[in-house]
Amino acid sequence: GNRGIEPLPNWEFKFVTANTLIGLEKGNTLGKDMTFDFGETSELQNQLQKIRSAYLQATPTDKQKLKTDFEKLQTQIYKNEIKAGGQNKRAQQLAAWKPFSNEGSSWFDPDWMFGVEKFDVVIGNPPYIDSETMVKSGKQDFRDYLVKRFKYCKGNWDIYIPFFELSYELLSKNGVLTFITPDKWTSKPFGKALRENLFFNMSKIVIAGRDVFETAKVDAIITFFTNKKNKNIESYSFSKKNHSLEKVNSFETDKLKNDFVFDMFFFNNV
């Protein structure tokens, strides 16, 4: 045996490549978004999740058997769906998932992939693509999905807007969200919904411009959000001369109340 020593978590469920903006479809529900289970895969899906949970702490001896059982269940789910006409998108997503390979997933779900619901830290540099470009490049369906799924997608929004919204949803009680993005959302109309909903959750903003990231083609900022309201927002500017951050100002959020501040705060006061 392993002398009572708990094995380390398996890396297959710790490093994930996925389209994070596409979620795993919900199970059987009533109403217009009802998922049909003509393939009778609900119980198979439950078994699949139990295997995933067991695999997280599996010993090397059990690991291969669990992997084989997992893939056999996926094959059965796929076959059932084909016979039933392929109307259950959730079943199709789970059947196509390949957690034991380096292949990226077309969907993302923290519970299935990591065994957690929330994260303490979300950090990243999301893509800078606007919604009109998505349509022109043949991604109209993806754009329409995002507009339906995310409430901050207004006007000709940039795709980092839904990344902000989703990432904030995934924060734990004391979680921190940090993104590098263009500064356009701080003043342009498409960023208004984001500003109005998350402005007072901001703790810090770093005005990086184009000095920090040499290949940047836009003026960049680094923003820090927390899953709680902040009494102060600290603003920093990058000094190219000293290669350091210099504090520009600190603002008391209870004095920032009107739409004018939401739209012009960063550029009038920083």
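Please read these numbers as outputs of a predicted model, since none were measured by experiment.

Colleague: Any chance you could explain the overall build of the chain here in plain terms?
Modeller: Within the chain, the regular secondary structure consists of nine helices and six strands. Of all 270 residues assigned to the chain, the portion counted as buried reaches 39%. By sequence separation, contacts in the chain at least 24 residues apart represent 65% of the contacts at least 6 residues apart. Counting only carbon and sulfur atoms, one obtains 52% of the accessible surface of the chain, whose full area is about 15900 Å².

Colleague: How do you make sense of the sheet that holds strand E5 (residues 232-239) when you look at a structure like this?
Modeller: Sheets are built from strands that pair by backbone hydrogen bonding, the pairs being arranged parallel or antiparallel. Here we have six strands laid out as an open sheet, ordered E1-E2-E4-E3-E5-E6, and mixed in their pairing. Where the open sheet ends on each side, the last strands, each with one partner, are strand E1 (119-124) and strand E6 (244-252). Shown here is a sheet whose adjacent strand axes are inclined to one another by a mean of 15°, direction ignored. Taken together, the eight bridges between E5 and E6 define a ladder with antiparallel strand orientation. Looking at E6, one finds that Asn-232 is bridged to Glu-252. Relative to strand E2 (residues 171-182), helix H7 (residues 160-169) is tilted by about 165°, and along the sheet it contacts E1, E2 and strand E4 (220-226).

Colleague: What's the story with the pattern of salt bridges in this structure? I'm lost.
Modeller: When their charged atoms lie close together, side chains carrying opposite charge are able to pair. One pass over the structure, following the stated rule, counts six salt bridges. Across the pair Glu-196 and Lys-192 runs a salt bridge whose closest N-O atoms are separated by 2.4 Å. Of this pair, Glu-196 and Lys-192 both sit in helix H8 (residues 192-198), four residues apart, which is roughly one turn of the helix. Overall, the relative accessible area of 38% leaves Glu-196 in the partly exposed class. The residue Glu-234 makes a salt bridge to Lys-247 at a minimum N-O spacing of 3.6 Å. Highlighted residues: Glu-234 in strand E5 and Lys-247 in strand E6, separated in sequence by 13 residues. You can call Glu-234 partly exposed: its relative accessible area is 21%. Taking relative accessible area as the criterion, Lys-247 reaches 49% and is therefore assigned partly exposed.

Colleague: For this particular structure, what's the right way to read the packing of aromatic side chains?
Modeller: Tallying each qualifying case throughout the model produces 14 aromatic pairs. Summarising the aromatic geometry, the rings of Tyr-128 and Tyr-160 are spaced 6.1 Å apart at their centres and angled 85° between planes, so their arrangement reads as edge-to-face. Here Tyr-160 lies in helix H7 and Tyr-128 lies in the loop between E1 and helix H5 (131-136), a separation of 32 residues in the sequence. Among the residues examined, Tyr-128 registers a relative accessible area of 36% and is labelled partly exposed. What links up through ring pairs into an aromatic cluster is the set Tyr-55, Phe-70, Trp-97, Phe-100, Trp-107 and Trp-112.

Rules used in this analysis
Residues numbered from 1 in each chain as written. Predicted model: local features only at pLDDT ≥ 70, side-chain atom pairs only at ≥ 80, totals over all residues. Heavy atoms only, no water. Helix = DSSP H or I, 4+ residues; strand = E, 2+ residues; numbered from the N terminus. Buried < 20%, exposed > 50% of the residue type's maximum accessible area, 1.4 Å probe, protein only. Contact = heavy atoms within 4.5 Å. Areas by Shrake-Rupley, 256 points an atom, 1.4 Å probe, with all protein chains shown as cover. Pairing = 2+ DSSP bridges. Axes fitted to C-alpha atoms, helices over the stretch in contact; angles between N-to-C directions. Salt bridge = Lys/Arg side-chain N within 4 Å of Asp/Glu carboxyl O. Phe/Tyr/Trp six-rings, centres within 6.5 Å; stacked < 30°, edge-to-face > 60°.

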